[in-house]
Amino acid sequence: MNSKINGWKIVHSTQNGQEYIKSATLKEGPRSKTTAVFFRNKHKTSDDYIISLKISHNAKDSNGWLTEKPDKTITLLDEQIDKLIDYIKENYIHLSLGEDSYISLSDDSLSKILRQVATLNLQPDKLVDKLYESGVLTENLSVAITAAERKNIIHIFEQKISSSEKESF
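Sequence order as written defines the numbering, with residues in each chain counted from 1. For a predicted model such as this one, the threshold for reporting local features is a pLDDT of at least 70, and the threshold for listing and counting side-chain atom pairs is 80 or more; totals across whole chains, interfaces and linings nevertheless cover every residue. Hydrogens and waters are ignored; side-chain quantities use all the structure's heavy atoms.

Side note on the overall build of the protein chain
Part 1 of the argument: Counting from the N terminus, the helices are DSSP H or I runs at least four residues long and the strands are E runs at least two residues long. Looking only at helices and strands, the protein chain features 4 helices and 6 strands.
Part 2 of the argument: When the helices and strands of the protein chain are placed in sequence order, the string is β-β-β-β-β-β-α-α-α-α.
Part 3 of the argument: Per-residue accessibility, obtained with a 1.4 Å probe over protein chains only, is compared with the maximum for each type, and a residue is labelled buried under 20%, exposed over 50%, and partly exposed between these values. The 169 residues of the protein chain split such that 11% are buried.
Part 4 of the argument: Residue contacts are defined here by distance: any two heavy atoms, one from each residue, within 4.5 Å place the two residues in contact. The long-range fraction of contacts in the protein chain, counting pairs at least 24 apart against all pairs at least 6 apart in sequence, stands at 22%.
Part 5 of the argument: Accessibility throughout is a Shrake-Rupley quantity obtained with a 1.4 Å probe, and a residue counts as covered only by protein chains that appear here. Working note: accessible area of the protein chain is about 14600 Å², and carbon and sulfur atoms make up 54% of it.

What follows is the structure in structure tokens.
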């Protein structure tokens, strides 16, 4: 297996058998460097894999070499990594777009909101006005709605092609 292939990742092992992926530099400046590395260990009794993510911040000496001991480290276990990923997914885009308030829509909360909206019995144009006025309908959501409409149209088209209806050109 060739590690020179772009994107190919190799799991390495330390002398004591701890597996890891080559670290990623999150940020590097003239005086410090922040890195992240995934580790994988087997549980002693169950042989289940335990995945952890270690984030470290190392100072550099006057020659630009990293100091031996990191200034700060944090190690996240797999459950914490999953929660961190969920947290980033729910919030990063909204914050990066400069939004002051937003509704984070997971699949569960989206279905609850849609059920609540359906009980309002509003005409589509009134519904859009309400969602826009309340800040729920952002530019990203309207793009998602357009994509959903396109997907629905494609689905209907594919059904008609596969049905006994003949195409006419």
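Digging into the packing of aromatic side chains
Part 1 of the argument: In this analysis, rings of Phe, Tyr and Trp, with Trp reduced to its six-membered ring, are considered paired at centre separations within 6.5 Å, and the interplanar angle assigns stacked below 30 degrees, edge-to-face beyond 60, and tilted for intermediate values. With the rule as written, the count across this model stands at 1 aromatic pair.
Part 2 of the argument: On the basis of an interplanar angle of 50° and a centroid distance of 6.5 Å, the ring pair of Y20 and F39 is categorised as tilted. Here the residue Y20 occupies a position in strand β2 (residues 19-21), and F39 occupies one in strand β4 (residues 32-42), the gap between them amounting to 19 residues.
Part 3 of the argument: We classify Y20 as partly exposed; its relative accessible area is 27%.
Part 4 of the argument: By definition, being over a ring means that NZ of Lys or CZ of Arg is both within 6 Å of the ring centre and within 35 degrees of the ring normal. Lying across the ring of Y49, R40 places its NZ or CZ 4.7 Å from the centre.

A closer look at the pairing of strand β3 (residues 24-28)
Regular strands show a simple pattern: their side chains alternate between the two faces of the sheet.
Part 1 of the argument: Where β3 lies against β4, 4 bridges are found, and the strand directions are antiparallel. Pairing of K27 across the sheet is with T34, part of β4.
Part 2 of the argument: Hairpin geometry of β3 and β4 is characterised by an intervening segment of 3 residues between the two adjacent antiparallel strands. At least two DSSP bridges between two strands are needed for those strands to be called paired.

Some words on a nonpolar patch on the surface
Part 1 of the argument: Patch definition: residues with relative accessible area over 30% and no salt bridge; like charges joined within 9 Å; nonpolar side chains (Val, Leu, Ile, Met, Phe, Trp, Tyr) joined within 5 Å. Within this document, salt bridges are pairs made up of a side-chain nitrogen of Lys or Arg and a carboxyl oxygen of Asp or Glu, the two lying within 4 Å of each other. Together, Y87, I88, Y92 and I93 make up a nonpolar patch on the protein surface, roughly 470 Å² of accessible area in all.
Part 2 of the argument: Structurally, the position occupied by Y87 is in helix α1 (residues 78-96).
Part 3 of the argument: What makes Y87 exposed here is its relative accessible area of 55%.

Quick look at the pattern of salt bridges
Part 1 of the argument: Evaluation of the coordinates by the stated rule reveals 3 salt bridges.
Part 2 of the argument: Of the charged contacts, one joins E19 and R40 as a salt bridge, the two residues approaching to 2.6 Å between their closest N and O atoms. Of this pair, E19 sits in strand β2 while R40 sits in strand β4, and the two are 21 residues apart along the sequence.
Part 3 of the argument: Residue R40 is classed as partly exposed on the basis of its relative accessible area, which comes to 27%.

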